[in-house]
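# Observations on the three-dimensional arrangement
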Amino acid sequence: MSGHIFTIATYTLLEALRNRLAWVLGLLAIGAVALGGFLGQLALTESGALQAALLAALLRVCCVLLVAGFVATSVVRETGDKGQELLLALALPRAAYVLGKLAGFALVALLPALLFGAMALTLAPAPWCAAWALSLWCELCIVAAFALLCVLTFGQVLAALAATLAFYVLARAIGALQAMAQDAAALPRIAIDALSAMLPHLDQFTRGEWLVYGGAQVAPLLAQTAIYVTLLGAAALFDFYRKDL
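Presented here is an overview of the structure given in this document. (Residues numbered from 1 in each chain as written. Predicted model: local features only at pLDDT ≥ 70, side-chain atom pairs only at ≥ 80, totals over all residues. Heavy atoms only, no water.)

On to helix α7 (residues 157-180). Between its first and last C-alpha, α7 extends 34 Å over 24 residues, near the 34 Å set by a 1.5 Å rise per residue. Where α7 bends most, the angle comes to about 50 degrees, and this point is I174. Turning to α7, its buried residues are A160, T164, F167, Y168, A171, I174 and Q178. (Helix = DSSP H or I, 4+ residues; strand = E, 2+ residues; numbered from the N terminus. Expected span 1.5 Å × (residues − 1). Bend = angle between axes of the 7 residues up to and from the residue. Buried < 20%, exposed > 50% of the residue type's maximum accessible area, 1.4 Å probe, protein only.)

Encoded structure:
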């Protein structure tokens, strides 16, 4: 089955390149450079730190939207073109299809992480940029896995994107919600703590200050990524197997 997974992952990456994903990333890079130069002219002091922090936040959001949009549109387009049914008609295990797609989307997520991590070298030391880029890739892998689960469940681009963005915003804000709930009543606090236990803490990923002050702790992020990608992949497998295709 590993051969099927590798093949599907490779074609998923090729599909991204054929769909001009590299061009979109290039335009984002050019826009980031132009915006960085503009911000550098505005800042009176610590212009480099301001550029690094703001560009890190902007590029992270753009990458999340790009990856989530590609995952949703890719699966829906393949379903509409009957490509999914054709693959399954060739006695391909459904697990190989889902795992191949998941691996392919992880490869797609690696492209912006490498590109923008390399761009960050102009603003920060190499070890800080490497940690930031690795964290960005982990964050994008979680988003891609959740988007895959949503698009296999809903079968529609808009519904999958809406659910993925809601998940992302909630996972980014869960730390702040927990802090605000410390003085709240017992029931809301317990509910938020329970939600926090189920969601990845994406507020700990890809922080802009890592490019300014360093201090990234990557090991806990890798552990979170492995756990949540595994859980989301298992949920996607369960939902895919129960469908009558």
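We are not done yet, so read on.
Bringing the packing of helix α5 (residues 94-119) against helix α6 (residues 126-154) into the picture now. Packing of α5 against α6 brings their axes to within 8 Å, and their N-to-C directions diverge by 145 degrees. Between α5 and α6 lies a crossing whose hand is right-handed. Facing α5, whose interface residues are V98, K101, L102, F105, A106, A109, L110, P112, A113, F116 and G117, α6 presents C129, W132, A133, L136, W137, L140, C141, A144, A145, L148 and L152. Grouping the amino acids of the contact of α5 with α6 by side-chain chemistry returns 20 nonpolar, one polar and one charged. (Axes fitted to C-alpha atoms, helices over the stretch in contact; angles between N-to-C directions. Left-handed = near helix turned anticlockwise from the far one by under 90°. Contact = heavy atoms within 4.5 Å. Nonpolar A, V, L, I, M, F, W, Y, C, P; charged D, E, K, R; others polar.)

Notably, T206 is not glycine yet its phi reads approximately 50 degrees, a positive angle. Locating T206 in the fold gives a position in the loop between α8 (186-198) and α9 (210-213). We classify T206 as buried; its relative accessible area is 0%.

What the rule picks out here adds up to three aromatic pairs. With a centroid separation of 4.0 Å and 10 degrees between ring planes, the pair formed by F146 and F167 is classed as stacked. Residue F146 is found in helix α6, and its partner F167 is found in helix α7; the two are separated by 21 residues along the sequence. Take F167: its relative accessible area is 10%, and that puts it in the buried class. Directly above the aromatic system of F240 lies the positively charged group of R94, at a separation of 5.5 Å from the ring centroid. (Phe/Tyr/Trp six-rings, centres within 6.5 Å; stacked < 30°, edge-to-face > 60°. Lys NZ or Arg CZ within 6 Å of the ring centre and 35° of its normal.)

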